[in-house]
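Next come the chains, spelled out residue by residue.
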Amino acid sequence: MEHETFPEELADTLVRIQRLIRRRLRGGLTRPRLRGAEVELLRLVESRPGIGISDAARALHLAGNSVSTLVNQLVKGGYLLRETDPADRRAARLLLTEAAEQRLADWRRRRAELVMRQVSGLDEADREALRAALPALRKLAVTLQEEAEEP
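Residues numbered from 1 in each chain as written. Predicted model: local features only at pLDDT ≥ 70, side-chain atom pairs only at ≥ 80, totals over all residues. Heavy atoms only, no water.

## Some points on the overall build of the chain
Rules: Comment: elements are numbered from the N terminus, with helices defined as DSSP H or I runs of at least four residues and strands as E runs of at least two. Partly exposed residues are those whose accessible area sits between 20% and 50% of the maximum for their type, while under 20% is buried and over 50% is exposed, using a 1.4 Å probe and protein chains only. What makes two residues a contact is simply this: any of their non-hydrogen atoms within 4.5 Å. Using a 1.4 Å probe, accessible areas were evaluated by the Shrake-Rupley method; residue-level cover was limited to the displayed protein chains.
Scanning the chain from terminus to terminus reveals six helices and two strands. The order of helices and strands in the chain, counted from the N terminus, is α-α-α-α-β-β-α-α. Along the first, second and third principal axes, the C-alpha set of the chain runs to 55 × 40 × 20 Å. Buried residues in the chain amount to 21% of all 151 residues. When contacts within the chain are restricted to residue pairs at least 6 apart in sequence, long-range pairs at least 24 apart make up 54% of them. Taken as a whole, the chain presents about 11000 Å² of accessible surface, with 55% of it coming from carbon and sulfur.

Listed below in structure tokens is the structure:
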């Protein structure tokens, strides 16, 4: 019986944790919040500076026009720079602004503090169980990513 509900319970728990972290972090914002897709795009550009719009669309599994809209909003908001690709004048390369770098760093710091506070409130056995589960959760993330990238 446990095996029948485990995948659903795991997925529900991971989604719930993510939603609660996002909601708690939103509470401390002094500037307009960024949508999930905007943050995903900023994090992608941070990890792959100079990425093009079509490559970003593929990486995020979004339509090119959706990513173009996100780029326009983030450029207007002062979070992204769109530079012309010297190898192909028709293509744009995306870079973070200093404001975006600071915002992502602030978000990471606040998220780490929030999770640390919550985890430190658990007993040692629960903290150790979470620590022990990390490698398996990372493998799950990798296999989900790889499956999503298959043609």
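## Focus on the pairing of strand β1 (residues 80-85)
Applied cut-off: Only strands that DSSP links by at least two bridges are regarded as paired with each other.
Inspection of the sheet shows β1 paired to strand β2 (residues 88-96) by six bridges, in the antiparallel sense. Residue R82 lies in a different strand from β2, and its bridge partner there is L94. Taking the residues that link successive antiparallel strands as the turn, the β1-β2 hairpin has two residues.

## Remarks on helix α6 (residues 124-149)
Stated formally: Multiplying one less than the number of residues by 1.5 Å gives the expected span of a helix. Two axes enter the definition of the bend at a residue: one is fitted to the seven residues ending there, the other to the seven starting there, and the bend is the angle between them. Whenever a nitrogen or oxygen atom comes within 3.5 Å of another N or O atom, the pair is scored as a polar contact, on the condition that within protein one atom can donate a hydrogen and the other can accept it, and that pairs from neighbouring residues in sequence are kept only if both atoms are in side chains.
End to end, α6 covers 38 Å across 26 residues, agreeing with the expected 38 Å (1.5 Å per residue, within 8%). Most pronounced at L134, the bend in α6 amounts to some 35°, and the proline P135 follows within four residues. The N-capping residue of α6, defined by a side-chain oxygen 3.2 Å from the backbone nitrogen of A125, is D123.

## Comments concerning the nonpolar core
Note that soluble globular proteins tend to have their nonpolar side chains buried in a common cluster. Put simply, the test is: Think of a nonpolar core as a cluster: buried Ala, Val, Leu, Ile, Met, Phe, Trp, Tyr and Cys residues, connected wherever their side-chain atoms sit within 4.5 Å.
Counting residues in each nonpolar core, the largest one holds 21 residues, and the members touching the most others are L41, L42 and L80. At the level of elements, α2 (36-47), α3 (53-60), α4 (64-76), β2 and α5 (98-120) are the ones that each hand at least two residues to this core. Excluding anything up to four places from it in sequence, L42 contacts L34, L74, Y79, L80, L96, A100 and L104.

## Looking at the pattern of salt bridges
What counts, and what does not: Just to be clear on terms, a salt bridge is a Lys or Arg side-chain nitrogen sitting within 4 Å of an Asp or Glu carboxyl oxygen.
Scanning all chains against the criterion turns up nine salt bridges. Among the ionic pairs, R93 bridges to D85, the shortest N-O distance being 2.7 Å. According to the relative accessible area criterion, D85 is buried, its value standing at 9%. Three or more residues joined by partner-sharing salt bridges are found here, namely E124, R127, E128 and R131.

## Looking at unusual backbone geometry
For H61, which is not glycine, the phi torsion reads 60° and is therefore positive. Looking at the secondary structure, you find H61 in the loop between α3 and α4.

## Structural notes on the environment of Q73
Within the secondary structure, Q73 is located in helix α4. For the pair Q73 and R110, spaced 37 residues apart in sequence, the C-alpha to C-alpha distance is 24 Å. The contacts of Q73, once residues within four sequence positions are left out, are R35 and E38.

## Concerning the packing of α2 against α5
Let me state the cut-off plainly: Angular values range over 0 to 180 degrees, each being the angle between N-to-C directions of two axes fitted as lines to C-alpha atoms, with helices fitted over their stretch in contact. Put simply, angles under 35 degrees are roughly parallel, angles over 145 are roughly antiparallel, angles from 65 to 115 are roughly perpendicular, and the rest are oblique. Charged residues are taken to be Asp, Glu, Lys and Arg, nonpolar residues to be Ala, Val, Leu, Ile, Met, Phe, Trp, Tyr, Cys and Pro, and polar residues to be all remaining types, Gly included.
Packing of α2 against α5 brings their axes to within 11 Å, and their N-to-C directions diverge by 105°. On the basis of the axis angle, α2 is roughly perpendicular to α5. Together, L42, R43 and E46 of α2 and A100, L104, W107, R108 and R111 of α5 make up the contact between the two elements. Residue composition of the contact of α2 with α5, by class: four nonpolar, no polar and four charged.

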